[in-house]
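A look at the structure
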Amino acid sequence: MQRDADALHDAGVTGVTVRLETPRGTVTARSGVGDLVTRRPVSKDGYLRLGSTTKTFVATVVLQLVGEKRISLDQTVEQLLPGIVSGAGNDGRTITVRDLLQHTSGLPDYIYDVFPDPSAQTYFANRWRAYAPEELVALAMRHEPAFPAGTNWAYSNTNYVLAGMIIEKITGRTWEQQVHNRILSPLGLEHTDTPGTWPFLPHPHTANYQQFTVDGPMVDTTIPYRPFDSGADGSMTGTARDLNRFFTALVNGQLLRPAELAAMQTTVPVPQDSGHPAGTRDGLGLFFTPLSCGGGYLGHGGSGFGYVIRVATTTDGRRTITVSAHSRSADPQTAARQEDTLRSLIDHALCRTT
């Protein structure tokens, strides 16, 4: 695992952290530097931005509400949030809760509205701005849907902004409060949080760096881009230790009843051109990815400016890994090489039998 972490660093990632939990114990690896100025070591079990891994927590809360008969996966968005999803061909009457959680809604992704120009200038100019969930959905509603609900698959952060709004509508409490009460507190995940628009990571943490232009400088983006890093689709922070504990507990049935866990793991194919490995399928807040040794793993990833995080667990929950890469390249070939190296690291770690 150390060799694979070093390979990811050699592919250009400034800092790499890996934590693997197995029946025989915990294995960790670090490579690179914690920041490019002081060249300090990568933080050991430091705080991380979870990005879209937040979606698995949110989906778990929604499925708990399903198990409590307070909501149904077949209910429509219009029934739950009247008038919110409409305009430009978008129709909340045709989109179900299942469609939101599984990215089969066809809804446009708001992120292209809040970051239209991929430049360092845009990052620095807008990184402090925060939007209300209703504002983000309204931005997305200006665009036509990608396809009729339930007929195809396309990843859209708008889906989980709506899921967070539904949690609050049904329970009277925010999705953040529900995640704390239903997941973080029961599992003792003391180093996982829902900071909302608070932009600073607790210490210790490794700095994140984004290269905005090919051959351009690495820009310190440890401060998140709040227009798309502050909601139910990607705002949480935590540690690899806590993430591994959460995904292991989830797959082992500690958070969901059998029927809801089965629903979460009922998948649809992910298109080949979506940037996921061949054979990837999407459940409800949980992806299934094939392993080279047979079978596959369940997990979710997250990314933002300057970081990529992946959490993966074998289907029996016996081996769970979190990998965090603390920089992103603007060069497509370099980015592809880093992605391939990261995938190989996960595959090697989960395919070992000892």
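What counts, and at which threshold
Think of each chain on its own: its residues are numbered from 1, step by step along the sequence as written. Local features in a predicted model are, by the rule used here, given only for residues with pLDDT of at least 70; side-chain atom pairs are given and counted only at 80 or more, and totals for whole chains, interfaces and linings are based on all residues. Only heavy atoms go into the side-chain values, all of them from the structure, while hydrogens and water stay out. Cysteine sulfur atoms that come within 2.5 Å of each other are treated as a disulfide pair. Helix numbers and strand numbers start at the N terminus; a helix is a DSSP run of H or I with at least 4 residues, a strand a run of E with at least 2. With a 1.4 Å probe rolled over the protein chains alone, any residue whose accessible area is under 20% of its type maximum counts as buried; one over 50% counts as exposed, and the rest are partly exposed. Two strands pair if DSSP finds at least two bridges between them. Classification of ring pairs rests on two measures: the distance between centres of Phe, Tyr or Trp rings, Trp counted by its six-membered ring, which must be within 6.5 Å, and the angle between planes, read as stacked under 30 degrees, edge-to-face over 60 and tilted in between.

Details of the state of the cysteines
In this structure the tally under the stated criterion is one disulfide. Disulfide pairing is shown between C293 and C351; the S-S distance is 2.1 Å. Residues C293 and C351 are joined through a disulfide that is left-handed, its torsion about the S-S bond being -90 degrees. Residue C293 is found in the loop between β11 (287-290) and β12 (296-304), and its partner C351 is found in helix α12 (residues 332-351); the two are separated by 58 residues along the sequence. C351 gets classed as buried once you look at its relative accessible area, which sits at 18%.

Quick look at the sheet that holds strand β15 (residues 327-328)
Overall, mixed pairing links the three strands, which are arranged β7-β6-β15 in an open sheet. Whereas interior strands pair on both sides, the edge strands pair on one side only; in this sheet they are β7 (218-220) and β15. Sheet analysis places strand β6 (residues 209-211) next to β7, joined by three bridges and oriented antiparallel. Bridged to Y209 within β7 is D220.

A word on the packing of aromatic side chains
Tallied over the entire structure, the rule returns 16 aromatic pairs. Relative to F200, the ring of W198 has its centre 5.3 Å away and its plane inclined at 75 degrees; by these criteria the two rings are edge-to-face. A relative accessible area of 53% means that W198 is categorised as exposed. Judged by its relative accessible area of 42%, F200 is partly exposed. With a centroid separation of 5.4 Å and an interplanar angle of 50 degrees, the aromatic rings of F228 and F305 are classed as tilted. Of this pair, F228 sits in the loop between β7 and β8 (237-238) while F305 sits in the loop between β12 and β13 (307-314), placing them 77 residues apart in sequence. You'll find F228 and F305 in the same group, each marked buried.

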